[in-house]
Amino acid sequence: MAAAPSPPPTNRVDAFWHDGMLNHDTGRGVFDTGSDPGFLDVLEKHPENPDRVRNMVSILKRGPISPYISWHTATPALVSQLLSFHSPEYINELVEADKNGGKVLCFGTFLNPGSWDAALLAAGNTLSAMKHILDGKGKIAYALVRPPGHHAQPSQADGYCFLNNAGLAVRLALDSGCKRVVVVDIDVHYGNGTAEGFYQSNDVLTISLHMNHGSWGPSHPQSGSVDELGEGEGYGYNMNIPLPNGSGDRGYKYAMTELVVPAVESFKPEMVVLVVGQDSSAFDPNGRQCLTMDGYRVIGQTIRSLADRHSGGRILIVQEGGYHVTYSAYCLHATLEGILDLPDPLLGDPIAYYPEDEAFPVKVVDSIKKYLVDKVPFFKEH
């Protein structure tokens, strides 16, 4: 069989990865609790475990998309670099917890031996991926990192996250001269940490499409509701799109078309950051949104189109959730196919057909749009 033709250098993904991130051991228990009730013979791995990203790495190295991927690695972030997003007190808490052998920071979020080093590698690889773009070495970079980061707030851990990798990268872009950065977060959970970090900023538009899950306790006080719009100069620059369970491919496409695209068109970003979580898929244990590979592919195509029009094609992709060990890797493959704007799918969907009825999601998106148009002049400009 003839070798696949090499893609043009302008249409590749520069992937940043380091094996040291596998050393974050989240343990076993009842789902993400870390607890053993004593009556189960088989305790499952915590959903945020190394296997999920091992498959993401391998599908990009050996799957049909592999000719389009260029691999890079980076060193850990310095503590001084973390202070662009996080408070010194919070970083000191993490450093001390690591020195003392670990700590349960909040529900399901375990800093164990090896976790802090992995978190520094995740932050370092994400920062290096952004710098790669800023230095003109590539247009599309993907930080394939764990532990994830988008729930980590400036002063608080949350939802498996210690350091906000995407938030740190956005700060780097702003400090390097980018005047406007958009963050589009498609993880199934609200990107509350990233939103919190830029809640009073009008140079960062944070958009989150997520399951309508609300607050889940002291570590996650934000609800992800439509009325969390930002504060002060940042009012109108945080856009929440809480979608009903089972929104599916067509529901997400409608939300992207009716809400995300017009908002980004009005904002005119100089850098696009796509925060990806495959936990929005039809088969994820941590979400109920029913996206399939086709849905992720369309989202990728939409983001690429927006970037081509506004940021010179510059896109940073940052990995977050996605807990089905097999299907998450397939959905990542489809997302990057969309980002590359390939004419035909390279990989078929091994398990989806999933029946859809977008009628209710369409009603929800229409109601969100009406609310935003009435409340936010920025959105109304389009």
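Structure: see above.
We now turn to the structure provided with this report. (Residues numbered from 1 in each chain as written. Predicted model: local features only at pLDDT ≥ 70, side-chain atom pairs only at ≥ 80, totals over all residues. Heavy atoms only, no water.)

With that settled, the discussion passes to a nonpolar patch on the surface. Taken together, V30, F39 and L40 make up a surface patch of nonpolar side chains, about 290 Å² in accessible area. Within the secondary structure, V30 sits in the loop between β2 (28–29) and β3 (44–45). (Patch = residues over 30% accessible without salt bridge, like charges linked within 9 Å, V, L, I, M, F, W, Y side chains within 5 Å. Areas by Shrake-Rupley, 256 points an atom, 1.4 Å probe, with all protein chains shown as cover. Salt bridge = Lys/Arg side-chain N within 4 Å of Asp/Glu carboxyl O. Helix = DSSP H or I, 4+ residues; strand = E, 2+ residues; numbered from the N terminus.)

A word on empty space enclosed by the protein. With the rule as written, the count across this model stands at two cavities of 30 Å³ or more. Considered as a void within the structure, the largest cavity measures approximately 50 Å³ in volume. Among the elements of the structure, β8 (181–185), α6 (192–197), β9 (204–211) and β10 (238–243) are those that each provide at least two residues to the lining of the largest cavity. Per-element accounting of the lining of the largest cavity gives the leading share, three residues, to β9. Tallied by class, residues from the lining of the largest cavity come to four nonpolar, six polar and one charged. (1 Å grid on protein atoms, 1.4 Å probe; cavity = no way out; pocket = protein on both sides within 12 Å on 5 of 7 lines; lining within 4 Å. Points joined across faces, edges and corners; volume = space filled by probe spheres on them. Nonpolar A, V, L, I, M, F, W, Y, C, P; charged D, E, K, R; others polar.)

That bond from R146 to P147 is cis: its omega, 0°, falls within 30 degrees of zero. With respect to the element layout, P147 can be found in the loop between β7 (140–143) and α5 (165–175). Residues other than glycine seldom take positive phi values, yet F31 does so here, at roughly 50°. Position of F31 relative to the elements: it lies in the loop between β2 and β3. Notably, C290 is not glycine yet its phi reads approximately 70°, a positive angle. Residue placement: C290 occurs in the loop between β11 (271–276) and α8 (293–310).

Attention now goes to helix α10 (residues 359–375). For α10, spanning 17 residues, the distance from its first C-alpha to its last is 25 Å, which sits close to the expected 24 Å at 1.5 Å a residue. Here α10 has its buried residues at P361, V364, V365, I368 and L372. Projection of α10 onto a plane perpendicular to its axis shows the buried side chains occupying an angular sector of 95°, all on one side. Looking at α10, the residues exposed on the side facing more than 90 degrees away from the buried face are F360, K363, K370 and D374. (Expected span 1.5 Å × (residues − 1). Buried < 20%, exposed > 50% of the residue type's maximum accessible area, 1.4 Å probe, protein only. Arc of directions from axis to C-beta.)

In this structure, the largest pocket occupies an estimated 290 Å³ of space. Its residues assigned to classes, the lining of the largest pocket shows eight nonpolar, eight polar and four charged. The computed volume of the second largest pocket comes to approximately 190 Å³. Along the walls of the second largest pocket sit 14 residues, with Q81, G124, L127, S128 and L172 positioned nearest its centre. Listing elements by their share of the lining of the second largest pocket, those giving two or more residues are α4 (115–134) and α5. When grouped by side-chain class, the residues that make up the lining of the second largest pocket number six nonpolar, five polar and three charged.

Another aspect to go through is the sheet that holds β11. In spatial order, the strands read β4-β1-β7-β12-β11-β8-β9-β10; together these eight strands make up an open sheet with parallel pairing. Taken across any chain shown, the strands that pair with only one partner, and hence form the sheet edges, are β4 (69–72) and β10. Across this sheet, the average inter-strand angle for adjacent strands is 15°, counted without regard to direction. Across four bridges, strand β1 (residues 13–16) lies against β4 in parallel orientation. Opposite D14, over in β4, you have S70 as the bridge partner. The strands that α4 touches are β1, β4, β7, β11 and β12 (315–319); relative to β12, the one it contacts most, it runs at about 170°. Contacts from helix α9 (residues 327–339) reach β4, β7, β11 and β12, with the element oriented near 175° to β12. (Pairing = 2+ DSSP bridges. Axes fitted to C-alpha atoms, helices over the stretch in contact; angles between N-to-C directions. Contact = heavy atoms within 4.5 Å.)

Take the nonpolar core next. For soluble globular proteins, the rule of thumb is that nonpolar side chains tend to be buried together. By size, the foremost hydrophobic cluster in this structure holds 106 residues, and its most contacted members are Y142, L163, I207, L209, I241 and V273. With 10 residues, α4 is the single largest residue contributor to this core. (Core = buried A, V, L, I, M, F, W, Y, C linked by side-chain atoms within 4.5 Å.)

Turning our attention to the packing of α8 against α9. Where α8 contacts α9, the axes come no closer than 6 Å and their chain directions differ by 30°. Like other packed secondary-structure pairs, α8 and α9 cross with a definite hand, here right-handed. Facing α8, whose interface residues are M293, Y296, R297, G300, Q301, I303 and R304, α9 presents Y327, Y330, C331, A334, T335, E337, G338 and I339. Looking at the contact of α8 with α9 residue by residue, the classes come out as eight nonpolar, four polar and three charged. (Left-handed = near helix turned anticlockwise from the far one by under 90°.)

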